[in-house]
Amino acid sequence: MSGFGKWCGFLLAAVLALLSQPALASKRVALVLANANYQNAGQLANPVNDGALMADTFRNAGFDVVDARFNLTALDTRRTLREFADRAQDADIAIVYYAGHGLEVDGQNYLIPVDARLERDTDVFDEAFSLDRVMVAVEPAKQLRLVILDACRDNPFAKSMKRTVATRAVGLGLAKIEPSSPNTLVAYSARAGSTAQDGAGRNSPFTIALARHLPTPGLDVRKAFGFVRDDVLKATANRQEPFVYGSLGGDDLPLVPGMPKVVPQVQSIPNPQAEIRHDYELALQVGNRAAFEAFLTQHPDGFYASLAKLQLDKITAEAAHAAAIAKAQVAEQERARLATEGARKEAQAKADADAKAAEAAQAAAEKAKQAAQDQAAAAERRRADKAALEDAPAPPANGETGSPRATADKSTQVASLSEGVPQADLARSEQAELRRVGCLTTDADGDWNAASQRSLSQFNRYAGTKFDTKAASGDALDAIRQKTSRVCPLKCDHGYQADGDRCAKIVCAEGSFLNDDSECEKRRARTKDTAKRDDEDRRARRARAERQDRDDRQDRQDRQDRYDRAPVERPNFGPGYSAGLPAPPQPPAAPRRSQAQGSGQIFCDGFHCRPVNPGCHIEDNAQLATRASSGLAEVCR
């Protein structure tokens, strides 16, 4: 019996030794790409140095495969990614690190090889390789898929390339990304839409912080990137903020395993559903349709089967939503194409109807997806509560479950759970999630101030929740994480409108103008009529003036002709008459009227003399006379 007991003890110790070191058996692979010697742009100083530092970091951390490649062409890059994808087939952790130039065109990110020639914006599709291609290379990994990009530099290609289409956007830095695969993280050296600094030394601030924190034994990768963010903000005087996109599960996931934890053996009552729960958690970790269908085949009934069905509904709703988005985009592109080509009205009307139907289907799919996600999240909270009860220690043998000691132990466990996450870290995480859903515009600094409280209040308003805004809470954080898209509406300045996650300039059609409410408003028809009437009035006044001028000239000509035809009798005005010119007549002392009308009277001014017209007479009238006629005027009836 003693020998058998020793053998059993040895076997138990060996099993515990194997179970205490599961992370040491995981396979970790890394690919390091660095481009500096660009053939059609200026060379970069730090990428090769950064790549060498990260390759040494991964090797010192005990990675199974570390492949470092520098200054690759587009063809060599694609071959390297294909080879790395083969190596990641049986890996638990796969990492790709890239340093060099990156570019965002129409919301898609591209990494630029050294032989790229980007003269036009469309050249990026042929000369560069997309970030999605890099994501494919790490996709086979089972536990963690990580892509690190130190590529948010000030890009010379974006400044020099020509735009083939005026509406095609070439952004600053890289665009925001939402990884579709589970257990996937994409780390930027600078927040989407901003640029990163090379630094004054041999390496960039981002890579220096990565090499310092990522290989820390036992440090969760999300916590490590939080420390990286803090270091870079401090090194750049808050001008550069690294950012991580994607999500992981609740368990800690370090790149370098820490010291194994010694778990005390606790005698517990066997749980008949432990195996089913374990199978469900494995399916949940895989997270795809095939895993949950396999679970339901093995366990078609019960509590965990209901949870698996909710997860399948969630996956179905997400797939339907993605298909609806794609269909709406195709319908919108077809409508724009027909409008550009000037198609018939019937075809354009059909395209408009198809686009509206696709938009309605997209909205319905979005609503169904949100409902499925909410149901799955609620079910997961119930499962977590059930699992906590299942994992609780067995009650004392004497059955005193309500003893003060048991109550004290339970309260201690609850307190330790609530205090497991520091309040500052909880506030920082909740602030980061509020930024992601568009409710917070300030930085996630862990200070739950008035701005953070207002942002959570906005989230409550648009998400229909009622969380306490005075402090950050785990329940609010979980609810925000369940939202996969923007919750709070995007606010844009005058003249701009929300277009996804950015503000686009409003361009009004011909015949419309932008009003004070940032809306395109048609110009009223009466404005054109008024302008037309104004033009007609001006033309009529000008015509009347021209006719009056012609009539005046004709009248003067007629008078001149009558004067030339009439006989002229030049009276003798005395000594003042000389040189053939009559002397100006002297004005009489009082107004006088000629008694002999049309009897040969002559009217003279300073230029010539003529007979008085029939029916007219000469008066001394200063108001009607001219300066040359010496106060005399010809007055007619």
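Here the structure is a predicted model, which is why all the values come from computation and not from measurement.

About the thresholds
- Residues numbered from 1 in each chain as written.
- Predicted model: local features only at pLDDT ≥ 70, side-chain atom pairs only at ≥ 80, totals over all residues.
- Heavy atoms only, no water.
- Helix = DSSP H or I, 4+ residues; strand = E, 2+ residues; numbered from the N terminus.
- Buried < 20%, exposed > 50% of the residue type's maximum accessible area, 1.4 Å probe, protein only.
- Contact = heavy atoms within 4.5 Å.
- Areas by Shrake-Rupley, 256 points an atom, 1.4 Å probe, with all protein chains shown as cover.
- Pairing = 2+ DSSP bridges.
- Axes fitted to C-alpha atoms, helices over the stretch in contact; angles between N-to-C directions.
- Phe/Tyr/Trp six-rings, centres within 6.5 Å; stacked < 30°, edge-to-face > 60°.
- Lys NZ or Arg CZ within 6 Å of the ring centre and 35° of its normal.
- Salt bridge = Lys/Arg side-chain N within 4 Å of Asp/Glu carboxyl O.
- Parallel < 35°, antiparallel > 145°, perpendicular 65-115°, else oblique.
- Left-handed = near helix turned anticlockwise from the far one by under 90°.
- Nonpolar A, V, L, I, M, F, W, Y, C, P; charged D, E, K, R; others polar.
- Core = buried A, V, L, I, M, F, W, Y, C linked by side-chain atoms within 4.5 Å.
- Arc of directions from axis to C-beta.

As a further point, take the overall build of the protein chain. Along the protein chain, the regular secondary structure elements total 17 helices and 18 strands. Looking at the protein chain as a whole, 34% of its 637 residues are labelled buried. Of the contacts made within the protein chain by residues no fewer than 6 positions apart, 63% connect residues no fewer than 24 positions apart. Accessible surface computed for the protein chain: about 38,000 Å², of which carbon and sulfur atoms make up 52%.

So, about the sheet that holds strand E9 (residues 184–188). The strand order across the open sheet built from six strands is E2-E1-E3-E7-E9-E10, with neighbouring strands paired in mixed fashion. Both edges of this open sheet fall to strand E2 (65–70) and strand E10 (243–247), since each of them pairs with a single strand only. Going from strand to strand, the sheet's axes swing by 10 degrees on average, the running direction of each strand aside. Relative to E10, E9 runs antiparallel, the two sharing five bridges. For Thr184, the partnering residue across the bridge sits in E10 and is Ser247. Each of strand E3 (93–99), strand E7 (144–150) and E9 is contacted by helix H7 (residues 205–213), which is oriented at about 145 degrees to E7, the strand it contacts most.

Attention now goes to the packing of aromatic side chains. In total, this model carries eight aromatic pairs according to the counting rule given. Here the aromatic rings of Phe58 and Phe63 are separated by 5.1 Å at their centres, their planes lie at 50 degrees, and the arrangement is tilted. We note that Phe58, like Phe63, is buried. Of note, Arg28 hangs over the ring of Phe63, and the distance from its end group to the ring centre comes to 4.8 Å.

What follows covers the pattern of salt bridges. Across all of its chains, the model carries 18 salt bridges by this definition. Note that Arg87 and Asp67 form a salt bridge whose closest N and O atoms lie 3.1 Å from each other. Pair noted here: Arg87 is in helix H3 (residues 74–87) and Asp67 is in strand E2, with a separation of 20 residues, a long-range link. Lys350 is the partner of Asp354 in a salt bridge, and the nearest nitrogen-oxygen pair spans 3.1 Å.

Okay, the packing of H3 against helix H5 (residues 131–138) next. If you want to describe how two helices pack, look at the angle between their axes and the distance between the axes. Following both chains from N to C, one finds H3 and H5 inclined at 25 degrees, their axes separated by 7 Å at the closest point. The angle between H3 and H5 falls in the class roughly parallel. Both H3 and H5 take part in a crossing whose hand is left-handed. Facing Arg78, Leu81, Arg82, Phe84 and Ala85 of H3, the residues of H5 in contact are Arg133, Val134, Ala137 and Val138. Residues of the contact of H3 with H5, tallied by class, amount to six nonpolar, no polar and three charged.

With 45 residues, the main nonpolar core has Phe84, Leu118, Val134, Val147, Leu149 and Tyr188 as its most contacted residues. Looking at which element gives the most residues to this core, the answer is H5, with five residues. Those residues in contact with Phe84 that sit more than four places away from it in its chain are Val29, Ala30, Leu31, Ala94, Ile95, Val96, Ala137 and Val138. Formed by 32 residues, the second largest nonpolar core is a distinct cluster that contains Ala30, Phe206, Phe225 and Leu253.

Turning to helix H16 (residues 474–481), a few remarks are in order. All buried positions along H16 are accounted for by Ala476, Leu477, Ala479 and Ile480. Considered in projection along H16, the buried side chains sweep an arc of 165 degrees and stay on one side of the axis.

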